[in-house]
Amino acid sequence: MKIAILGGTGRIGEGLASRWAPLHEIYIGSRDIEKARNAACGYSCKLTDQGLDCRIDGTSNKEAVEKADIAVLSVPYEAALSLIECLRPVLKNQILISLVVPMKKNGSFEYTPPEDGCAALHIQHLLPGVKVVSAYHNLSYRKLCKLDLEIDVDVV
């Protein structure tokens, strides 16, 4: 399967790419192509050093979506809305997995749901015809990056 991780240069992107790359083709998407390429190279080297074969490429968010069967939205809520506007023409038949949770930091984090009730519903309204799934909100990137650690949790 070909998976695009939009915002894949972030910590959770690294964890997901590290877990999925031995089994799937991964496209690390970013606004900054050089940053995406560097991240993909770093993730690949880390996996190769552990004796794992992988296929990870860094590219623009748009190109990642165009190549992928599934796209993972791994950016902050504010960035997600503008990214979706840019990607709307190329998001067609993919499933879009949203990790997005609208939060504000006021000393601690505060959940600030959109009018639709949650980010996934808001994103679904912005992308009619695209299958939007909300998942992976409760997984720690630290655990994801420890490949020898079996993660025994549900994805809600």
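Here is a short report on the structure shown in this document. (Residues numbered from 1 in each chain as written. Predicted model: local features only at pLDDT ≥ 70, side-chain atom pairs only at ≥ 80, totals over all residues. Heavy atoms only, no water.)

Focus: the sheet that holds strand β2 (residues 25-30)
Inference 1: Spatially, 6 strands are ordered β3-β2-β1-β4-β5-β8 in an open sheet, and the strand pairing comes out parallel. Each edge of the open sheet carries a strand with a single partner, namely β3 (55-60) and β8 (131-134). Strand-to-strand twist of the sheet, defined as the mean angle between neighbouring strand axes without regard to direction, takes the value 25°.
Inference 2: For strand β1 (residues 2-6) and strand β4 (residues 70-73), the ladder comprises 4 bridges, and the chain directions are parallel. What sits directly across from Leu 6, in β4, is Leu 73.
Inference 3: Across the sheet, helix α1 (residues 11-20) lies against β1, β2 and β4, angled at about 170° from β1, the strand it touches most.
Inference 4: This element, helix α2 (residues 33-49), spans β2 and β3 of the sheet and lies at about 170° to β3. (Pairing = 2+ DSSP bridges. Helix = DSSP H or I, 4+ residues; strand = E, 2+ residues; numbered from the N terminus. Axes fitted to C-alpha atoms, helices over the stretch in contact; angles between N-to-C directions. Contact = heavy atoms within 4.5 Å.)

Regarding the pattern of salt bridges
Inference 1: Within this structure, the stated rule accounts for 4 salt bridges.
Inference 2: In this structure, the salt-bridge partner of Glu 63 is Lys 67, at a minimum N-O distance of 2.9 Å. Taken as a pair, Glu 63 and Lys 67 lie in helix α3 (residues 61-67) at a separation of 4 residues, close to a single helical turn.
Inference 3: Residue class for Glu 63 comes out partly exposed when judged on its relative accessible area of 32%.
Inference 4: In this structure Lys 67 comes out as partly exposed when scored by relative accessible area, which is 36%. (Salt bridge = Lys/Arg side-chain N within 4 Å of Asp/Glu carboxyl O. Buried < 20%, exposed > 50% of the residue type's maximum accessible area, 1.4 Å probe, protein only.)

Looking at a nonpolar patch on the surface
Inference 1: Together, Val 101, Met 103, Phe 109 and Tyr 111 give the surface a local cluster of nonpolar side chains, amounting to about 380 Å² of exposed area.
Inference 2: Its location among the elements puts Phe 109 in strand β7 (residues 108-111). (Patch = residues over 30% accessible without salt bridge, like charges linked within 9 Å, V, L, I, M, F, W, Y side chains within 5 Å. Areas by Shrake-Rupley, 256 points an atom, 1.4 Å probe, with all protein chains shown as cover.)

Quick look at the packing of α1 against α2
Inference 1: The N-to-C vectors of α1 and α2 enclose an angle of 45°; their axes lie 10 Å apart at closest approach. Of the possible angle classes, the one that applies to α1 and α2 is oblique. At the point where α1 passes α2, the crossing takes the right-handed sense. Residues Gly 13, Glu 14, Ala 17 and Ser 18 of α1 form the contact with α2, whose own contacting residues are Tyr 43, Lys 46 and Leu 47. (Parallel < 35°, antiparallel > 145°, perpendicular 65-115°, else oblique. Left-handed = near helix turned anticlockwise from the far one by under 90°.)

Overview of α1
Inference 1: Across the 10 residues that make up α1, a large majority, 7, are buried.
Inference 2: Among all positions of α1, only Ile 12, Gly 13, Gly 15, Leu 16, Ala 17, Ser 18 and Trp 20 are buried.

Re the packing of helix α4 (residues 77-87) against helix α5 (residues 119-126)
Inference 1: Packing of α4 against α5 brings their axes to within 11 Å, and their N-to-C directions diverge by 15°. Classified by the angle their axes make, α4 and α5 are roughly parallel. The interaxial crossing formed by α4 with α5 has right-handed handedness. In this structure, α4 contributes Tyr 77, Leu 81, Ile 84 and Glu 85 to the contact, and α5 contributes Ala 119, His 122, Ile 123 and Leu 126.

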